[in-house]
Amino acid sequence: MGSELRVPFDRTRNHPAALTTSKFGISKMELLKACVSREWLLMKRNSFVYIFKIVQLIILGTIAMTVFLRTEMHRNSVEDGVIYMGAMFLGLVTHLFNAFAELAMSIAKLPIFYKQRDLLFYPSWAYGLPTWLLKIPISFLECAVWICMTYYVIGFDPNIERFFRHYLLLVLISQMASGLFRVLAALGRDMVVADTFGSFAQLVLLVLGGFLIARDNIKAWWIWGYWCSPLMYAQNAIAVNEFLGHSWRMVVDPTDSNDTLGVQVLKSRGIFVDPNWYWIGVGALLGYIMLFNVLFIVFLDLLDPLGKGQNVVSEEELMEKHVNRTGENVELLLLGNDSENSPSNVTNAGGGEITGADTRERGMALPFTPLSITFDNIRYSVDMPQEMKDKGITEDRLVLLKGVSGAFRPGVLTALMGVSGAGKTTLMDVLAGRKTGGYIEGDINISGYPKNQETFARIAGYCEQNDIHSPHVTVYESLVYSAWLRLSPDVDSEARQMFVEQVMELVELTSLRGALVGLPGVNGLSTEQRKRLTIAVELVANPSIIFMDEPTSGLDARAAAIVMRAVRNTVDTGRTVVCTIHQPSIDIFEAFDELFLMKRGGEEIYVGPLGHNSCHLIDYFEGIQGVKKIKDGYNPATWMLEVTTLAQEDALGLNFAEVYMNSDLYRRNKALISELSTPPPGSTDLYFSKQYAQSFFTQCVACLWKQHKSYWRNPSYTATRIFFTTVIALIFGTIFLNLGQKVGKRQDLFNSLGSMYAAVIFIGIQNGQCVQPIVDVERTVFYREKAAGMYSALPYAFAQVFIEIPHVFLQTIIYGLIVYSLIGLDWAFMKFFWYMFFMFFTFLYFTFYGMMAVAMTPNSDIAAIVATAFYAVWNIFAGFLVPRSRIPIWWRWYSWACPVAWTLYGLVASQYGDIADVRLEDGEQVNAFIHRFFGFRHDYVGFMAVGVVGFTVLFAFVFAFSIKVLNFQRR
């Protein structure tokens with residue numbers, strides 16, 4: 001054999017099919033077809049996005065064509081031309097923003113792409129080309145909707161050739177924007193990073209596009225940005241197409257060169273008057289479309305996904321990994337225990353036993369009253385779903401629980417089990433009072449007294465399956481916060497802290513006290529550590545009864561054993577603990593004392609003790625004629641579920657629920673329920689003088705404390721916002737350098753107004769967008785904490801609103817000082833004060849508006865769509881694209897309902913509304929022009945200040961009201 005192995009293998013003897021001759025499994029054309037087919041399928045299944053974008057375009061088009069209605073649009077002066085310019089700019093910007101959805105959709109698909117790319121499913125170009133090509137018809141459709149609605153109604157040049165030229169430019173700008181945002185998605189690879197990149201890109205495109213600031217006023221060091229901005233080419237091309245048309249060829253105000261009105265408008269805005277600029281613009285946009293889509297494919301090919309966050313690893317876990325790797329015989333100890341008093345054993349994947357240590361004295365720094373809970377003939381039903389009615393079902397209600405009865409006692413660990421759909425979690429939610437809808441019938445008693453949900457929430461804990469916690473606080477802070485709000489005010493801070501420490505030791509979290517909780521599956525605690533934190537958060541409330549919804553789901557054997565040991569330790573303190581559990585291992589199943597077994601349809605089929613090695617359970621079911629015996633070493637939990645299926649019932653010709661109802665076990669349980677439903681002699685019903693443990697003021701302080709910790713440790717939100725603001729301030733300051741004092745020409749005033757408008761829109765929208773995911777995550781935590789009776793809705797809303805104020809104030813100071821000094825605005829105290837005042841409240845109301853949108857919608861995705869629609873409308877009525885005085889009378893009311901219009905009024909009027917000693921190029925005073933053209937008066941600045949404060953308070957109030965009234969969590 002040795003001599004054979006020494007001879008090199010002759011590859012020519014291989015079977016032809018054993019060698020791969022190409023990198024990919026099929027030809028390039030087949031690869032492209034497959035990717036096109038998949039992309040088309042994804043687009044069809046994601047059709048809601050495209051339909052919504054079209055509907056949004058129709059709404060915005062309707063507003064645009066009624067605001068810029070041709071009967072109100074004249075061609076008598078250069079000022080009239082500026083209004084037309086605003087209408088054209090609105091069309092370009094609408095399609096630019098409309099493509100922003102491409103960013104989120106591209107990032108959502110990247111993880112799958114990277115996985116399939118690395119497994120050589122297809123090359124990057126085969127993935128990138130269909131993404132681009134299949135969006136081209138979408139662009140044609142969207143732009144056709146817009147131009148057919150607006151072009152002739154607004155009153156652009158009626159020549160049909162110019163109509164189609166206009167249409168082509170809109171299609172090209174739409175395609176260019178889609179390509180740009182795809183490139184940013186491939187480059188950023190993360191939503192926060194790409195969103196920031198996207199905002200910067202939009203900012204540079206718009207500010208240097210030639211509309212907000214004229215070409216002649218752009219500084220030499222920024223002129224490269226003007227020539228690089230795709231929007232500049234679109235703006236020049238669309239303006240040349242319109243203003244060199246037949247409608248603008250009259251000479252209304254003769255100049256030295258006897259220019260037509262159209263040429264005068266172009267010159268006044270710094271736009272090229274050469275008709276060839278239309279085709280230059282078309283060519284440049286085509287070039288950008290090619291460039292961005294090629295770069296998209298290049299970045300897909302070259303870049304790898306960003307590194308994932310790591311879970312927190314405790315010291316004992318590190319020690320165990322070291323043992324497994326090296327084989328050293330190191331004793332694994334739980335932190336908080338010394339080696340002489342080693343606690344319970346941990347099962348590993350190979351098996352073992354879960355036993356609690358002597359925990360009667362652990363976690364007992366604060367006394368509690370052991371309580372039992374009994375329930376008799378509980379029925380729960382919901383309205384019949386429409387889908388089932390359509391199939392011929394005539395009943396009005398669907399019954400999920402059919403008269404179940406039982407009792408849970410102190411110091412007894414009860415497993416609530418059954419197949420999927422049996423009603424385990426439903427029964428637990430009904431008993432815990434967590435259901436938000438449906439119809440509940442039957443009796444529930446707490447130690448003999450009828451259950452009152454408001455008092456019951458004070459003595460009960462509920463560990464949800466999803467382990468919902470604030471991600472940016474530590475384990476210790478999470479427990480301190482829960483104890484602060486849920487323990488009685490009689491407990492002083494020292495006793496509270498001692499109790500928290502003992503609970504952490506009880507559930508073995510001491511080694512993780514300083515670890516950030518993090519987001520599930522992303523960073524922070526592992527799943528098993530989060531489960532233990534969920535248990536601890538409820539334990540620090542010192543409850544007498546604890547419900548746990550599948551505490552071991554999603555865990556491996558070792559992690560499940562650690563969690564179950566924490567559960568066992570909790571029971572051994574004398575509390576009543578009930579767990580829903582799904583197909584446990586033998587070791588976990590043996591840790592329970594009693595079993596409440598349900599069958600599909602919401603009926604109980606076994607309620608009683610398990611016994612040693614589940615002997616009582618096995619004896620009961622083996623005593624039923626026809627049930628097969630359990631094999632030696634077989635998991636009793638698995639066997640029990642197998643022998644009680646509906647198929648087994650049909651085979652045996654019996655109903656396990658009826659068998660149980662006719663058994664001695666059922667009669668003993670009924671007697672126990674009757675006994676525990678009678679109050680013990682000398683006992684009193686649960687009573688608390690108020691609904692919540694702490695006063696309203698303490699709730700506010702505690703919520704604000706947690707929000708402060710969360711914001712301080714979330715630099716991706718707070719630091720990114722400050723960084724974004726600083727960079728934008730420097731960009732604006734250098735683009736509009738020293739333009740603040742130039743007021744000799746109308747264009748100078750337009751430039752200053754453009755800087756204010758761009759800052760308000762960009763930083764404001766960025767604030768509104770960035771806060772939404774933060775509030776969405778915290779709202780999920782709020783639902784759990786409110787249901788646990790920690791606080792009312794108003795303290796949470798107060799903290800969420802109030803914590804933004806110092807952050808926004810810092811943002812305003814940074815932006816205001818940089819921009820005010822660089823632009824060179826007047827340093828008079830009142831002018832500086834009004835500038836900072838309006839910017840502060842503007843940033844604040846945009847932030848509160850973003851929060852309000854989340855509070856009024858089910859999730860941050862829908863909130864972003866709703867908010868974006870209003871941002872687009874605010875953009876139209878802000879007073880920059882079309883001044884209030886030129887808005888048709890039927891829309892003028894909305895300019896007063898648009899918060900951005902109040903901000904721009906205040907900013908412009910406070911800076912320029914009192915300048916009477918400077919005249920423009922035609923001799924008109926600056927303040928007179930501001931009043932005539934924009935309708936702004938300096939003596940109304942105070943009213944504008946009241947208005948922006950009013951919008952801020954209104955959005956904050958609606959946020960608080962929505963949080964209190966609306967509940968999008970359905971159970």
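Predicted model, so just to flag it, every value in this text is computed and none were measured.

Examining the overall build of the protein
So, step 1. Per the secondary structure count, the protein includes 38 helices and 10 strands.
So, step 2. Dimensions of the protein, computed from C-alpha atoms along their principal axes, come out at roughly 110 × 90 × 65 Å.
So, step 3. Among the 971 residues that make up the protein, the fraction classed as buried is 56%.
So, step 4. When contacts within the protein are restricted to residue pairs at least 6 apart in sequence, those whose partners lie at least 24 apart make up 79%.

Notes on the side chain of Lys135
So, step 1. For Lys135, the location among the structural elements is in the loop between helix H6 (124-133) and helix H7 (136-154).
So, step 2. Judged by its relative accessible area of 5%, Lys135 falls in the buried class.
So, step 3. Contact partners of Lys135, with chain neighbours within four places excluded, come to Glu39, Met43, Tyr50, Glu102, Gln175 and Arg182.

Observations regarding the pattern of salt bridges
So, step 1. Applying the stated criterion across every chain, the model contains 36 salt bridges.
So, step 2. A salt bridge links Arg784 to Glu785, with the shortest nitrogen-to-oxygen separation between them at 3.6 Å. For the residue pair Arg784 and Glu785, the accessibility class agrees, reading buried in each case.
So, step 3. Taken together, the shared-partner salt bridges in this structure form one network comprising Arg486, Glu538, Lys706, Glu778, Arg784 and Glu785.

Some details on empty space enclosed by the protein
So, step 1. Within the structure shown, the criterion is met by 13 cavities of 30 Å³ or more.
So, step 2. Taken as a whole, the largest cavity spans an internal volume of roughly 390 Å³.
So, step 3. The set of elements that each furnish at least two residues to the lining of the largest cavity consists of helix H3 (47-67), helix H4 (78-98), helix H9 (191-207), helix H30 (746-787) and helix H34 (860-877).
So, step 4. A total of seven residues in the lining of the largest cavity trace back to one element, the largest contributor, which is H30.
So, step 5. For the lining of the largest cavity, the per-class residue count stands at 16 nonpolar, nine polar and one charged.

Some words on the packing of aromatic side chains
So, step 1. In total, this model carries 86 aromatic pairs according to the counting rule given.
So, step 2. Relative to Phe156, the ring of Tyr151 lies with its centre 5.4 Å away and its plane at 45 degrees, an arrangement referred to as tilted.
So, step 3. Classification of Phe156 as buried rests on a relative accessible area of 4%.
So, step 4. Arranged with centres 5.4 Å apart and planes meeting at 25 degrees, the rings of Phe798 and Phe802 form a pair that is stacked. Of this pair, Phe798 and Phe802 both sit in helix H31 (residues 793-802), separated by four residues, roughly a single helical turn.
So, step 5. We classify Phe798 as partly exposed; its relative accessible area is 35%.
So, step 6. Of the aromatic side chains, those joined through ring pairs into one cluster are Tyr845, Phe846, Tyr849, Phe870, Tyr871, Trp874, Trp896, Trp902, Phe951 and Phe955.
So, step 7. One cation-aromatic arrangement involves Arg269 over Phe750; the distance from NZ or CZ to the ring centre is 5.4 Å.
So, step 8. Above the face of the Trp896 ring, Arg884 is positioned so that its terminal group lies 3.9 Å from the ring centre.

Considerations on the sheet that holds strand E7 (residues 545-549)
So, step 1. Strand order in this open sheet of six strands is E6-E7-E8-E3-E9-E10, and the pairing throughout is mixed. Unpaired on one side and paired on the other, strand E6 (460-463) and strand E10 (603-609) mark the two borders of the sheet. Neighbour to neighbour, the strand axes of the sheet diverge by 15 degrees on average, direction disregarded.
So, step 2. Pairing of strand E3 (residues 413-418) with strand E8 (residues 576-580), which is carried by four bridges, proceeds in the parallel orientation. Looking across to E8, one finds that Leu416 is bridged to Thr580.

Digging into the nonpolar core
A general tendency of soluble globular proteins is for nonpolar side chains to be buried together.
So, step 1. Grouped together as the largest cluster of nonpolar side chains are 207 residues, with contacts concentrated most on Phe732, Tyr815, Phe877, Tyr912 and Phe959.
So, step 2. Here this core gets 20 residues from one element, more than from any other, and that element is helix H33 (residues 829-855).
So, step 3. A domain split of this core shows at least three residues from each of domain 1 (36-302) and domain 3 (696-965).
So, step 4. Discounting residues that sit within four places of it in the chain, Tyr912 has contacts with Gly740, Val743, Leu749, Ser752, Met756, Leu825, Val926, Asn927 and Ile930.
So, step 5. In terms of nonpolar packing, the next biggest core, distinct from the first, is built from 94 residues, Tyr380, Met417, Val507 and Ala515 among them.

A look at a nonpolar patch on the surface
So, step 1. Side chains of Met856, Phe957, Phe961, Val965, Leu966 and Phe968 sit close together on the surface and give an oily, nonpolar patch of about 560 Å² of accessible area.
So, step 2. With respect to the helices, strands and loops of the structure, Phe961 is situated in helix H38 (residues 941-965).
So, step 3. Judged by its relative accessible area of 47%, Phe961 is partly exposed.

Considering the pairing of E10
So, step 1. Among the seven residues in E10, five count as buried, and that is most of the element.
So, step 2. Across six bridges, strand E9 (residues 594-599) lies against E10 in antiparallel orientation. Of the residues in E10, the one forming a bridge with Lys599 is Glu603.
So, step 3. The hairpin turn running from E9 into E10, its antiparallel successor, is three residues long, and Gly601 in that turn takes a positive phi close to 110 degrees.

A short note on the domain arrangement of the protein
In many reports, interface size means the accessible area that the parts give up when they come together.
So, step 1. For the protein, the assigned domains read domain 1 (36-302), domain 2 (367-449 + 577-680) and domain 3 (696-965).
So, step 2. On a C-alpha basis, the centroid separation for the pair domain 2 and domain 3 is 56 Å.

Quick notes on the sheet that holds strand E4 (residues 439-446)
By definition, the strands of a sheet pair up through backbone hydrogen bonds, in either a parallel or an antiparallel sense.
So, step 1. Across the sheet, which stays open at both edges, the four strands sit in the order E2-E1-E4-E5 with antiparallel pairing between neighbours. In this open sheet, the two edge strands, each paired with only one partner strand, are strand E2 (397-408) and strand E5 (449-450).
So, step 2. Two strands pair when backbone bridges link them, and strand E1 (residues 373-383) and E2 are joined in this way by nine bridges, in the antiparallel orientation. By the bridge assignment for E2, Ile378 is matched with Val404.
So, step 3. Where helix H27 (residues 664-676) meets the sheet, it contacts E1 and E2, and its direction lies at approximately 75 degrees from that of E2.

A few points about H27
So, step 1. For H27, with 13 residues, the first-to-last C-alpha span of 18 Å sits near the 18 Å given by 1.5 Å per residue.
So, step 2. On its buried side, H27 packs onto E1, E2, E10, helix H23 (615-622) and helix H26 (656-661).

As for the environment of Thr374
So, step 1. Assignment of secondary structure puts Thr374 in strand E1.
So, step 2. We classify Thr374 as buried; its relative accessible area is 1%.
So, step 3. Placed 302 residues apart in sequence, Thr374 and Leu676 show a C-alpha to C-alpha distance of 6.9 Å.
So, step 4. A distance of 3.2 Å separates polar atoms of two side chains, one belonging to Thr374 and the other to Ser677.

Overview of the packing of H3 against H4
So, step 1. Look at H3 against H4: their axes get within 12 Å of each other, and the N-to-C directions meet at 160 degrees. Classified by the angle between their axes, H3 and H4 sit roughly antiparallel to one another. The two elements H3 and H4 meet at a crossing, and its hand is right-handed. Across from Lys53, Gln56, Leu57, Leu60 and Ala64 in H3, the residues of H4 making contact are Leu90, Thr94, His95 and Asn98.
So, step 2. Taken together, the residues of the contact of H3 with H4 break down into four nonpolar, four polar and one charged.

Digging into the confidence of the model for the protein
So, step 1. In this model, the protein carries a mean pLDDT of 84, and residues with pLDDT of at least 70 account for 92%.
So, step 2. When pLDDT is averaged over each helix and strand of the protein, the minimum, 61, is found for helix H14 (residues 315-326) and the maximum, 95, for helix H13 (residues 277-302).
So, step 3. Within the model, pLDDT remains below 50 along residues 357-363, and this stretch shows 19 contacts once partners closer than five positions in the same chain are excluded.

Regarding unusual backbone geometry
For residues that are not glycine, phi is negative in most cases, and the peptide bond is trans in most cases.
So, step 1. One non-glycine residue, Asn542, lies in the positive phi region at around 55 degrees.
So, step 2. Its place among the elements puts Asn542 in the loop between helix H20 (527-539) and E7.
So, step 3. Looking at Asn542, the relative accessible area reads 13%, which means it is buried.
So, step 4. Even without being glycine, Asn613 reaches a positive phi, approximately 55 degrees.

Description of the side chain of Gln116
So, step 1. With respect to the secondary-structure elements, Gln116 resides in helix H5 (residues 101-118).
So, step 2. For Gln116, a relative accessible area of 16% corresponds to the buried category.
So, step 3. With residues near it in sequence (within four places) discarded, Gln116 still touches Arg38, Phe121 and Tyr122.

About the thresholds
- Residues numbered from 1 in each chain as written.
- Predicted model: local features only at pLDDT ≥ 70, side-chain atom pairs only at ≥ 80, totals over all residues.
- Heavy atoms only, no water.
- Helix = DSSP H or I, 4+ residues; strand = E, 2+ residues; numbered from the N terminus.
- Buried < 20%, exposed > 50% of the residue type's maximum accessible area, 1.4 Å probe, protein only.
- Contact = heavy atoms within 4.5 Å.
- Salt bridge = Lys/Arg side-chain N within 4 Å of Asp/Glu carboxyl O.
- 1 Å grid on protein atoms, 1.4 Å probe; cavity = no way out; pocket = protein on both sides within 12 Å on 5 of 7 lines; lining within 4 Å.
- Points joined across faces, edges and corners; volume = space filled by probe spheres on them.
- Nonpolar A, V, L, I, M, F, W, Y, C, P; charged D, E, K, R; others polar.
- Phe/Tyr/Trp six-rings, centres within 6.5 Å; stacked < 30°, edge-to-face > 60°.
- Lys NZ or Arg CZ within 6 Å of the ring centre and 35° of its normal.
- Pairing = 2+ DSSP bridges.
- Axes fitted to C-alpha atoms, helices over the stretch in contact; angles between N-to-C directions.
- Core = buried A, V, L, I, M, F, W, Y, C linked by side-chain atoms within 4.5 Å.
- Domains from an automatic or database assignment.
- Patch = residues over 30% accessible without salt bridge, like charges linked within 9 Å, V, L, I, M, F, W, Y side chains within 5 Å.
- Areas by Shrake-Rupley, 256 points an atom, 1.4 Å probe, with all protein chains shown as cover.
- Expected span 1.5 Å × (residues − 1).
- Polar contact = N/O pair within 3.5 Å; in protein donor to acceptor, adjacent residues only side chain to side chain.
- Parallel < 35°, antiparallel > 145°, perpendicular 65-115°, else oblique.
- Left-handed = near helix turned anticlockwise from the far one by under 90°.
- pLDDT = per-residue confidence, 0-100.

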